[in-house]
Structure formats: C-alpha cells, structure tokens
Amino acid sequence: MVDVADFGRVAVLYGGKSAERAVSLKSGAAVLAALQSAGVDAYGIDADETLAEQLLTARPDRVFIALHGRGGEDGSLQGLLESLQIPYTGSGVMASAVGMDKLRTKQIWQSIGLPTPAYAMLRGAAQCAEIVERLGTPLIIKPVHEGSSIGMAKADSLQQLQDAWESARSYDDEALVEQWIHGAEFTVAILDGKALPPIRLRTPHTFYDYDAKYQADDTQYLCPCGLPAEQEAQLKALSLQAFEAVGCKGWGRVDVMQDEQGRFYLLEVNTVPGMTDHSLVPMAAKATGMDFAALVLAILAGTLS
C-alpha cells in the first residue's frame, strides 16, 4: 500500500501547444483534482516555452504527464525529464517517440508478425492514384504524428482521398493511408503489465472521430465488450503484446479493429491516453472496481519503482 506522502511534490503537466491542447487541459484538470482529493501535494503546469525553467526552479519530486500529442507524448518531454532526473509517469523516451509515430509502430508490429491493416505512406497528392490502385477503397487517412483522430478521414474514392490529403497535410507533412476494416472497434487499456477489460466502441459517425470521442453524447461504450470469452482473451493478449513490442510501460491504450471474419487488426498505441469524462482508460479501470482516483494513484505509483 503506497502512502501518498511517498510521492512528495507532484507536478501535473497539461495543455501545451499541440493540436490536442483542449483535451489535455481537461485531462490535466481531472488528474490534478483527483490527486489533490487523495491528499497528494500536487500542482499543475500548463506547459509552455518556460517549462524547463519552471521545472528547474520548482524541482518537483515527480511528474504526472497529461500532455497529449506532440511535445508531451512524443519523447521530447520524457527526454527533458530524464535530463533533469525527475521521475515521470508512463513510457520512456524511445517508446513514446515510436508510439507517436504510426508508421514506425506498424513496422515494429509487422516485423514480429502482429496483424495490422495494409497501408501506404502518402507525402503528396500525386501518390493518391497509385495508392487507390494498390489498396482499393474505402481507405482511411491519418496524419502520422497526431492523436485523438485529428486530421483523420475516410475516403471512398480517389477524389475523396485527394481532398482528405489536403486536410491532413495541415497537421503533418506525411500521412498513413490504411485499408478500411469493416467491423467492430475495440480499445484495450494497459495498466502495470495487465490488460484491462476491453471496451467496444459504437458510434453513428463514419468512425470513432474527434467529435465522437470528446463531444458527442450518442457514442456507446460497451464494457463488457460482448465478445466470447476466448476471443476477449485473444484480444487482451494481442493488445498487451503490441504494447510491449513498442517498449511501452506503466499505462497506455491499444486500439484494435475486428473484421467481419473475426480477425483482429492493430491500429495504434497511445502512451498518454485521455483522462477526461469521455475517456476510455478510466472506463476500463472502473469495470475492475477501480475508481478514477485509485487509477490516477496507481499510474503515479509507477514512478516509485
């Protein structure tokens, strides 16, 4: 049993300048409130260009990272904290950098035989026709270095792929284009080396996009997920293997599709998942009897080892 006094002074980092700033502010506020309610000496920092100076001046005993996207989830913040010798939550520099890069993540999974949708890299509109010819349609396009479904779109034709590229390129200079998997979408939270109960996602939207994740009230989260016990065990084992293959540790989330034949396909790994009232890791933890405060403390406890 961890004594909250063991944590010392804890800085919760949130906000930042990434495209996921709005979500990060909500995550950080929820985490900070939970820590303070549990008696932890915690305070918040809205990360900006003075972050290094603030950390040097305040010298917190440890950091809870609630920064999503670039600058918080991509290894750069983790590198800073390593240099300052301040313990922090979640994955290290390498796993954070790889997990933020959808292409490198897929390449690692493919190298050890884990299932992931067929894909192509898109770096200019001239490539769209060749990609459609090779992969067919429908397709889904994703900025390589963004999260929260930002910049993602479904393309049912060459013209739609070209239009989607014009949108995605405002977030990133390259995009991942994947074959569309028809079927059910699941997410599996990982905590301290164990897969939590999977959640099935249902939305009237074309896919589980930004609005479905953070704003809509008609998204359904099914936990239990409805899979037969054997398939659920397979899904949990696959997700944990995918998480560990990238080198992740502590906590995170793996997103998975299941096609109409029952086969699972890995989509991506999230090393700093959302912690808002719509977020999935807290839902999965709740299914095991762990409330939000207990989850936050369990994540923070990983910094003590």
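Please read these numbers as outputs of a predicted model, since none were measured by experiment.

Calculation rules
Along each chain, residue indices are assigned from 1 in the same order as the chain's sequence is written. Side-chain atom pairs in this predicted model are given and counted only at pLDDT of 80 or more, local residue features only at pLDDT of at least 70, and totals for whole chains, interfaces and linings cover all residues. By convention in this description, side-chain values take in all heavy atoms of the structure and omit both hydrogens and water. In this text, buried Ala, Val, Leu, Ile, Met, Phe, Trp, Tyr and Cys residues form a nonpolar core when linked through side-chain atoms within 4.5 Å. Partly exposed describes any residue whose relative accessible area lies between the buried limit of under 20% and the exposed limit of over 50%, with all areas from a 1.4 Å probe on protein chains only and scaled to the type maximum. All the domain ranges listed were derived from an automatic or database domain assignment. Whether two residues touch is decided by their heavy atoms; if any such pair falls within 4.5 Å, the residues are in contact. UniProt positions are given in the numbering used here, feature names are shortened, and annotations may be inferred rather than shown by experiment. Under the DSSP-based scheme used, a helix requires at least four consecutive residues in state H or I and a strand at least two consecutive residues in state E, with every element numbered from the N terminus. Any pair of N or O atoms that falls within 3.5 Å is considered a polar contact. Within protein, one atom must be able to donate a hydrogen and the other to accept it, and sequence-neighbouring residues count only if both atoms are side-chain atoms. For this document, the term salt bridge refers to a Lys or Arg side-chain nitrogen within 4 Å of an Asp or Glu carboxyl oxygen. Strands pair, by our definition, only if DSSP identifies at least two bridges between them. Inter-axis angles, ranging from 0 to 180 degrees, are taken between N-to-C directions of lines fitted to C-alpha atoms, where helices are fitted over the stretch in contact. In this tally Asp and Glu are treated as negative and Lys and Arg as positive; neither His nor the chain ends contributes. Within 6.5 Å between ring centres, the rings of Phe, Tyr and Trp (the latter by its six-membered ring) count as paired, and their orientation is classed by plane angle as stacked under 30 degrees, edge-to-face over 60, tilted in between. Only when the NZ atom of a Lys or the CZ atom of an Arg is both within 6 Å of the ring centre and within 35 degrees of the ring normal do we say a charge sits over the ring.

Peer 1: In this structure, what is going on with the nonpolar core? I would like to understand it.
Peer 2: Nonpolar side chains in soluble globular proteins tend to be buried together. Among the nonpolar cores identified, the biggest contains 44 residues, and Leu35 and Val63 are the most heavily contacted of them. Split by domain, this core shows at least three residues from each of two domains, domain 1 (4-90 + 298-302) and domain 2 (99-115 + 182-271). Apart from residues no more than four positions distant in its own chain, Leu35 is found in contact with Val10, Val12, Val40, Ala42, Val296, Leu297 and Leu300. Counting 23 residues, the second-largest nonpolar core is a separate cluster that includes Leu235, Phe243, Val254 and Phe264.

Peer 1: Help me understand the UniProt feature "active site" (unreviewed entry) in the chain in this model?
Peer 2: In the numbering adopted here, UniProt assigns the feature "active site" (unreviewed entry) to Glu20, Ser148 and Ser279. Positionally, Ser279 belongs in the loop between strand S13 (264-270) and helix H10 (280-287). Of note is the side chain of Ser279, whose polar atom sits 3.2 Å from the backbone oxygen of Gly274.

Peer 1: It is not clear to me how the pattern of salt bridges should be interpreted in this structure. Could you clarify?
Peer 2: Opposite charge on two side chains allows them to pair when their charged atoms are near. Under the criterion given, the structure shown has 12 salt bridges. With a shortest N-O distance of 2.7 Å, Asp41 and Arg9 are connected by a salt bridge. In this pair, Asp41 sits in strand S2 (residues 41-46) while Arg9 sits in strand S1 (residues 9-14), placing the two residues 32 residues apart along the sequence. We classify Asp41 as partly exposed; its relative accessible area is 42%. Its relative accessible area of 34% is what places Arg9 among the partly exposed residues. Salt-bridge contacts for Lys17 lead to Glu49; the nearest nitrogen and oxygen are separated by 3.1 Å. Of this pair, Lys17 sits in the loop between S1 and helix H1 (21-37) while Glu49 sits in the loop between S2 and helix H2 (51-58); the two residues are 32 residues apart in sequence, bridging distant segments of the chain. For the pair formed by Lys17 and Glu49, the shared burial category is exposed.

Peer 1: Would you mind showing me how to read the domain arrangement of the chain here?
Peer 2: One can read the domain layout of the chain as domain 1 (4-90 + 298-302), domain 2 (99-115 + 182-271) and domain 3 (119-179). Each of domain 1 and domain 3 has a C-alpha centre, and the two are 33 Å apart.

Peer 1: Looking at this model, I keep getting lost on the sheet that holds strand S5 (residues 139-143). Mind explaining?
Peer 2: The strands making up a sheet associate through hydrogen bonds between their backbones, and the pairing can be parallel or antiparallel. Read from one edge to the other, the open sheet built from four strands follows the order S4-S7-S5-S6, with strand pairing classed as antiparallel. Edge positions in the sheet fall to strand S4 (119-122) and strand S6 (153-155), since each has one partner strand and no second. Strand-to-strand twist of the sheet, defined as the mean angle between neighbouring strand axes without regard to direction, takes the value 30°. Looking at chain direction, S5 and S6 are connected through three bridges and run antiparallel. Counterpart to Ile141 in the pairing with S6 is Ala153. In the packing of helix H5 (residues 102-111) onto the sheet, contacts are made with S4, S5 and strand S7 (175-179), and the angle to S4 comes to roughly 150°.

Peer 1: What is the right way to look at the side chain of Glu73 in this model?
Peer 2: As for its position among the elements, Glu73 is in the loop between strand S3 (62-65) and helix H3 (76-84). Buried charged residue Glu73 carries no salt bridge. Nearest counter-charge: Arg253, at 7.8 Å. There is a polar contact of 3.0 Å between the side chain of Glu73 and the backbone nitrogen of Val272. With near-sequence residues (within four places) excluded, Glu73 lies in contact with Glu20, Leu67, His68, Gln78, Ser96, Met100, Asn270, Thr271 and Val272.

Peer 1: For this particular structure, what's the right way to read the packing of aromatic side chains?
Peer 2: A ring pair, where both rings are aromatic, is described by two values, the distance of the centres and the angle of the planes. Evaluated as defined, the whole model comprises two aromatic pairs. Measuring from ring centre to ring centre gives 6.4 Å for Phe64 and Trp251, while their planes differ by 50°; the resulting arrangement is tilted. Here Phe64, found in strand S3, pairs with Trp251, found in strand S12 (residues 251-259); they are 187 residues apart in sequence, far enough to count as distant. A relative accessible area of 1% places Phe64 in the buried class. The class for Trp251 is buried, based on a relative accessible area of 2%. Judged by centre distance (6.3 Å) and plane angle (80°), the ring pair of Phe186 and Phe264 falls under edge-to-face. Here Phe186, found in strand S8 (residues 183-191), pairs with Phe264, found in strand S13; they are 78 residues apart in sequence, far enough to count as distant. Relative accessible area serves as the criterion here: at 1%, Phe186 is assigned to the buried category. The buried category is assigned to Phe264, whose relative accessible area is 4%. A cation sits over an aromatic face here: Lys154 above Trp180, 4.5 Å from the ring centre.

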